[in-house]
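Each chain, written out:
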Amino acid sequence: MNKTAIADVLSHIATLLELTGENPFKIRAYISGARQLQSLEQSELETLLREERLQSVKGIGAALAQQIGELHATGRSTLLEQLQASIAPGLVEMLEVPGLGPKKVKAIHDQLGITTLAELTTACNDGRVAELAGFGAKTQEKILAGIRNREAYGKRHLWWAAQQVAEPIIAGLRALPQVSQAEAAGSLRRCMETVGDLDFIVAATDVAPVVEWFVTQPGVQEITARGDTKASVRFDTGLQADLRLVPPEQFAFALHHFTGSKDHNVQMRQRALSIGLSLSEWGLVLSTGEGTTKEKAAAESLPAASESALFTALGLAYIPPELREGRGEIEAAEADALPHLIELDDLRGAFHNHTTASDGNNTLEEMTAAADALGWSYLGIADHSPSSVQARGLSEARLAEQVAQIHALNATGRYRTHVLTGTECDILPDGRLDFDDGVLATLDYVVVSVHSAFTQSQDDMTARIIRAIEHPRTTMLGHLTGRLLLRRESYALDVGKIIDAAIANHVVIELNANPWRLDMDWRHWRKASARGLLCAINPDAHDTAGLEFVSAGVNAARKGWLTKNAVLNTRPLAAVQSWLAHRRSGGHGHVPPAPVHG
Ligand code: DGT
Ligand code: CA
Ligand code: CA
Ligand code: ZN
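Not measured: the values here are computed from a predicted model. (Residues numbered from 1 in each chain as written. Chains lettered and ligands numbered in written order. Predicted model: local features only at pLDDT ≥ 70, side-chain atom pairs only at ≥ 80, totals over all residues. Heavy atoms only, no water.)

Turning to the sheet that holds strand 16 (residues 535-538), a few remarks are in order. Here 7 strands make up an open sheet; going across it, the order is 10-11-12-13-14-15-16 and the pairing parallel. With one partner strand each, in any of the chains shown, strand 10 (349-350) and strand 16 form the two edges of the open sheet. Note: strand 13 (residues 447-449) against strand 14 (residues 476-477), 2 bridges, orientation parallel. Among the inter-strand pairings, valine 448 is bridged to a residue of strand 14, identified as leucine 477. (Pairing = 2+ DSSP bridges. Helix = DSSP H or I, 4+ residues; strand = E, 2+ residues; numbered from the N terminus.)

Under the defined criterion, the tally for this structure stands at 27 salt bridges. Measuring nitrogen to oxygen at the nearest pair gives 2.9 Å for the salt bridge that ties glutamate 81 to arginine 76. Owing to a relative accessible area of 51%, arginine 76 belongs among the exposed residues under this scheme. We note a salt bridge from arginine 531 to aspartate 500, for which the minimum N-O separation is 2.6 Å. One end of the pair, arginine 531, is in the loop between helix 23 (522-530) and strand 16; the other, aspartate 500, is in helix 22 (residues 495-504), and 31 residues separate them in sequence. You can call arginine 531 partly exposed: its relative accessible area is 44%. Take aspartate 500: its relative accessible area is 38%, and that puts it in the partly exposed class. It is possible to trace a salt-bridge network through shared partners that takes in Glu193, Arg483, Asp521 and Arg523. (Salt bridge = Lys/Arg side-chain N within 4 Å of Asp/Glu carboxyl O. Buried < 20%, exposed > 50% of the residue type's maximum accessible area, 1.4 Å probe, protein only.)

This part takes up the nonpolar core. Side chains of nonpolar character tend, in soluble globular proteins, to be buried together. In this structure, Ile465, Leu477, Leu533 and Ile537 are the most contacted members of the largest nonpolar core, which totals 68 residues. Ranked by residues supplied to this core, first place goes to helix 22 with 6 residues. Residues Ala7, Val9, Leu144 and Ile147 belong to the second largest nonpolar core, which totals 47 residues. (Core = buried A, V, L, I, M, F, W, Y, C linked by side-chain atoms within 4.5 Å.)

For ligand 1, the set of nearby residues contains 16 residues, the closest of which are Arg156, Ser187, Arg190, Gly196 and Asp197. Contact between ligand 1 and arginine 156: an oxygen atom at 2.8 Å from a side-chain N or O atom of the residue. The side chain of serine 187 places a nitrogen or oxygen atom 2.5 Å from an oxygen atom of ligand 1. Of all the secondary structure elements, the ones that give two or more residues to the shell around ligand 1 are helix 11 (186-189), helix 13 (251-259) and helix 14 (262-274). A class-by-class count of the residues in the shell around ligand 1 yields 2 nonpolar, 8 polar and 6 charged. Structurally, the shell around ligand 1 is a two-domain feature, drawing no fewer than three residues from each of domain 2 (156-246) and domain 3 (252-338). (Near = heavy atom within 4 Å. Polar contact = N/O pair within 3.5 Å; in protein donor to acceptor, adjacent residues only side chain to side chain. Nonpolar A, V, L, I, M, F, W, Y, C, P; charged D, E, K, R; others polar. Domains from an automatic or database assignment.)

Quick look at the coordination of the calcium ion (ligand 3) now. Distances from the calcium ion (ligand 3) to its protein donors, namely Asp197 (OD), Asp197 (OD), Asp199 (OD) and Asp242 (OD), fall within the range 2.3 to 2.7 Å. In the primary structure, the donors to the calcium ion (ligand 3) are separated according to the pattern D-x1-D-x42-D. In this model, the calcium ion (ligand 3) sits 3.7 Å from the calcium ion (ligand 2), the two metals being bridged by aspartate 197. With aspartate 199 in strand 4 (residues 198-204) and aspartate 242 in strand 7 (residues 240-246), the pair connects residues that are 43 residues apart, well separated along the chain. (Donors = N, O, S within 2.8 Å, 3.2 Å for Na, K, Ca; no water.)

Donor atoms from the polypeptide that coordinate the calcium ion (ligand 2) comprise Asp197 (O), Asp197 (OD) and Asp199 (OD), at 2.2 to 2.5 Å from the metal. The site at the calcium ion (ligand 2) holds 6 donor atoms, and with the angles between them running 70 to 168 degrees, its shape is irregular. On the basis of relative accessibility, which here comes to 25%, the residue aspartate 197 falls in the partly exposed class. (Tetrahedral: all angles 85-135°; square planar, octahedral: opposite > 155°, others 65-115°.)

Let us now look at the sheet that holds strand 2 (residues 179-184). Spatially, 2-4-7-6-5 is the arrangement adopted by the 5 strands of the open sheet, whose pairing is mixed. Of all strands in the sheet, those bounded by a partner on one side alone are strand 2 and strand 5 (220-226). Pairs of neighbouring strands in the sheet enclose a mean axial angle of 20 degrees, with direction left out of account. Strand direction decides the pairing type here: strand 6 (residues 230-235) and strand 7, joined by 5 bridges, are antiparallel. Counterpart to arginine 234 in the pairing with strand 7 is glutamine 240. (Axes fitted to C-alpha atoms, helices over the stretch in contact; angles between N-to-C directions.)

All chains considered together, the criterion is met by 7 aromatic pairs. Arranged with centres 6.0 Å apart and planes meeting at 35 degrees, the rings of phenylalanine 351 and tyrosine 378 form a pair that is tilted. You can see phenylalanine 351 sitting in the loop between strand 10 and helix 18 (364-373) and its partner tyrosine 378 sitting in strand 11 (residues 378-384), a full 27 residues away along the chain. The buried category is assigned to phenylalanine 351, whose relative accessible area is 0%. Members of the aromatic cluster, joined through ring pairs, are Trp159, Trp160 and Phe549. It is lysine 104 that lies over the ring of phenylalanine 135; its NZ or CZ is 5.5 Å from the centre. Seen from the ring of tryptophan 561, arginine 526 lies directly overhead, with NZ or CZ sitting 3.5 Å from the centre. (Phe/Tyr/Trp six-rings, centres within 6.5 Å; stacked < 30°, edge-to-face > 60°. Lys NZ or Arg CZ within 6 Å of the ring centre and 35° of its normal.)

Set out below in structure tokens:
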């Protein structure tokens, strides 16, 4: 584990200790230990651990040093596991309700004997929570609203998190001797930004050992269904997974059916019927004749060794899973007019990334080394501007210092990755930018973002962002809507008008690839890009691992029908530099020809 992950665990341990009523000194030790750890460089931590000198750091005693060592070496904490086993899971869930910290949860538990969210809801409705010392009617209302929110959101999971659960399962299934093919289907395979449940399709000869393997995976908390052709489980994170087992000759049909989406499936079946065929999860048969589709499929399905063959049988080009949303992909496949979608390998760098100069966890040099390791030709640094106080936004002087550091680093030639100088400049509430024009003029590019006054009216917010887009120094707009998936809605704004303004002013809109954001949403990109809007896929990385978020951004771009041409950071360094220079000189960035996919 790296230091950020370890610090997160230590903070979580502190919270759980507080729930158990542990003595305040011990709790504080974990909180300050987490903070101390954050202030170390990763390399310092490695050295201190290797030389067994961790206790020389102020605030890190023997117990904490032991915890950190264990987490660093194994990624696990015995103490955390003991705490998790001894505390009712409902109490830990309560901590995720806005307004409920460990103190309040402990009071609710000790004074009302409550251990689940359902009991807490009842107690709020009865007014018993408001009567607790330090609570009151307002807090009770806030808790209820928080629980309702959780119910609305809690059923889905971030794609990125779901993917991490799915990956080892797919690999494990493929390695079983009884399994000839295994694939994830459903919304995960379509790369939706959030996932309701996982769906696995497996072609197997002998099903029992496969089901047995599946239901005994680490993290499985409950087996909710178990049969000859299907098993379902729930993981301790609440994520559920369905496994479907089919004979090898049905695999392509089942995979296609359970990949969906429902709209895509409905249109595919209509397409089949229009040429006298009947498509189902079991096979593809003539739509005339006796018997149910399932019986016929078993007896006489047209063979399809792969999904490609299935599409071919219907007179269609292969439709990548990301496009299967019933939004015109079948018509495009029929006309052989599907776009050649962007791929991860097409990216040569990215623009919006942070360092320890503002709220990042890795230094300029560490970020550059990581970009170099990814094979990137360029890395844009865009730390925060002064108004983002909580993110340690850079003053003019600190920005100048950072620019000098970047030039010096580039001059060493230590890395193949060229570092570009930028800023993530706050869009102030009235639409002005947070740095003076003269300061902005010293940078290679300027990302502008909203980080404050989220509650403005739609008209004010739209006008505010458009004013920033019209600023001659603005290169691109960061995280358009400010949404955090499953957590925070977009602020009010007129997306259409903002896209119009970006196109008119030759400003790029970012596809923020942070898995919590994926903003601007994939649903807008196809049309916007066809009208000439240029995209940049930016990880908004706050540490070296965050650079890899670009893969989530590429998935979203693919769902938005984007080609390599539509994305600025697929271009080589020299082309990007001349595009940026042209843009700075007041000329209009060289916008690529609109990709032709309607
Ligand atoms: P999710 O899990 O809510 O994120 O979304 P999906 O798309 O993974 O949906 P899920 O897990 O309910 O089902 C997987 C796929 O199976 C779905 O995309 C299409 C197919 N499917 C499931 N139920 C139906 C149905 O009633 N009609 C049709 N046409 N297809 C269905
Ligand atoms: Ca699903
Ligand atoms: Ca499912
Ligand atoms: Zn930002």
